[in-house]
Each structure stands twice: as C-alpha cells, then as structure tokens.
Amino acid sequence: LAAELRAVPNRRLVGYAALFGVETRISNFVEVIKRGAFRDTLASNNDILALVDHDSTKLLARTKSGTLTLTEDERGLAFDIELPNTQLGADIQALTERADIGGMSFGFRVKQPDGERWTGNRRELRSVELAEISVVQAFPAYFGTSVNLRSRQQPRRTLRQRYLETLEFYKP
C-alpha cells in the first residue's frame, strides 16, 4: 500500500493511511482496497484512534477529541493528526522529519456479509469497520509508503526509488 506521511510545522502529521486500488501482497494473498471502503465507518462517527505500531498504549490522537481527522477522498483514507506534547509525540515528529518512519497502516474488521470479495487469492476490501490508524516505525504490511516532511522543501525520493532501495537492502 502506498501511503504518505508528512510532518507540518505545528506538530501535525498529514497523509494517507490507505490508498485505493493498490494491490499489496500479504502472506499468501493479494489485497486491494476499493474506493468507499471506509465510508460507513466515517459516517458513523465512532471514536477512531491514531496509534504507533498498532499499540494501544502509544496513543497519538483520536477522533472523539478532535485531534485526529479522517476523510475519504478519491485517492484514499486521508488523515490529519495533531501530535500530543509528549515524549512520544516529539519522537514521532523527529523520526518523520528524518524520514525514518516506515509508513502507515490501519486496524479494521471486515463488515459482513459483503465487506470483502475473494477471487482466487485476491481479496478486495469493500467495506470495513475502522478501529485505528497507525504510524508504523519499521515495516508496514503495505509497502510503497512515502514519508515526507512538508515544512522543509527537501528532495523527495520517488516511490520507485524507495522500492528499489528496499529491494537492494534485502538482496542476498
């Protein structure tokens, strides 16, 4: 999954936690998220958390308090996180500024009965109940993530460059 993450000057992270139409290999199957998969969850106004590494003890923000904003657009699930004035918030901002964050991810349950469609080993997510989004420090399940600092105009590595660097890293 290609997603974006940027730190902005006033302790905010913005980007995409999920992108529509991008195939990602997960274990022995391929997953793709369809446009509209998050629509019902966002309309329900349930409290959704922003975490670090899917760890509920590492809370960054939540929709209930207004420190996390989520929207679904034509590209994917966009987010805006107001980082807390804590050590965790400072650490995540620093790692984002250095481009050390691995990417974004999200925790969900498939809505039944029609929330997913399987065709062979390909799963299409059509409707999910979103519980949380996560800043992933190391290896997100959905590769192809780009992490950028918005406040500084530094050269951005393209998705292709990052992918090639990853392949080079794991070369035997």
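Check the entry above for the structure.
Residues numbered from 1 in each chain as written. Predicted model: local features only at pLDDT ≥ 70, side-chain atom pairs only at ≥ 80, totals over all residues. Heavy atoms only, no water.

(A) Inspection of the overall build of the chain at higher detail. If you tally the helices and strands in the chain, you get 3 helices and 13 strands. Every one of the 172 residues in the chain was classed for burial, and the buried ones make up 43%. For the chain, restricting intrachain contacts to residue pairs at least 6 apart in sequence, the fraction spanning at least 24 positions comes to 64%. (Helix = DSSP H or I, 4+ residues; strand = E, 2+ residues; numbered from the N terminus. Buried < 20%, exposed > 50% of the residue type's maximum accessible area, 1.4 Å probe, protein only. Contact = heavy atoms within 4.5 Å.)

(B) Spotlight on the environment of threonine 41. Of note, threonine 41 is situated in helix H1 (residues 39–44). You can call threonine 41 buried: its relative accessible area is 5%. Sequence separation of threonine 41 and valine 128 is 87 residues, and the distance between their C-alpha atoms is 7.1 Å. For threonine 41, the contacting residues outside a window of four places in its chain are Asn46, Ile48, Val128, Glu129 and Leu130.

(C) Structural detail: the packing of aromatic side chains. This structure, assessed with the given rule, holds 4 aromatic pairs. Here the aromatic residues Phe20, Phe38, Phe106 and Phe108 are joined through ring pairs into a cluster of three or more. (Phe/Tyr/Trp six-rings, centres within 6.5 Å; stacked < 30°, edge-to-face > 60°.)

(D) Region of the structure containing the pairing of strand S6 (residues 55–62). With 4 bridges connecting them, strand S5 (residues 49–52) and S6 associate as antiparallel partners. Looking at S6, one finds that alanine 50 is bridged to alanine 61. The turn joining S5 and S6, which pair antiparallel and follow one another in sequence, is formed by 2 residues; a positive phi near 55° is taken by aspartate 53. (Pairing = 2+ DSSP bridges.)

(E) Representation of the pattern of salt bridges in the model. Under the criterion given, the structure shown has 11 salt bridges. Measuring nitrogen to oxygen at the nearest pair gives 3.0 Å for the salt bridge that ties arginine 12 to aspartate 80. With arginine 12 in strand S2 (residues 12–19) and aspartate 80 in strand S8 (residues 76–82), this residue pair connects regions lying 68 residues apart in the sequence. Arginine 98 serves as the salt-bridge partner of aspartate 100, at 2.6 Å between the closest nitrogen and oxygen. One salt-bridge network, held together by shared partners, links Glu23, Arg122, Glu124 and Arg126. (Salt bridge = Lys/Arg side-chain N within 4 Å of Asp/Glu carboxyl O.)

(F) Region of interest: the sheet that holds strand S4 (residues 29–33). Spatially, the 4 strands line up as an open sheet ordered S3-S4-S11-S10, and their pairing is mixed. Looking at which strands have only one partner, the edges of the open sheet turn out to be strand S3 (24–26) and strand S10 (116–119). Taking each pair of neighbouring strands and ignoring which way they run, the sheet shows an average axis angle of 30°. Pairing geometry for S10 and strand S11 (residues 122–125), over 4 bridges, is antiparallel. Bridge pairing in S11 places arginine 117 opposite glutamate 124. (Axes fitted to C-alpha atoms, helices over the stretch in contact; angles between N-to-C directions.)

(G) Focus on the pairing of S5. Neither face of S5 is open: one carries Leu49 and Leu51, the other Ala50 and Val52, and all of them are buried. Where S5 lies against strand S12 (residues 128–136), 4 bridges are found, and the strand directions are parallel. What sits directly across from valine 52, in S12, is valine 135.

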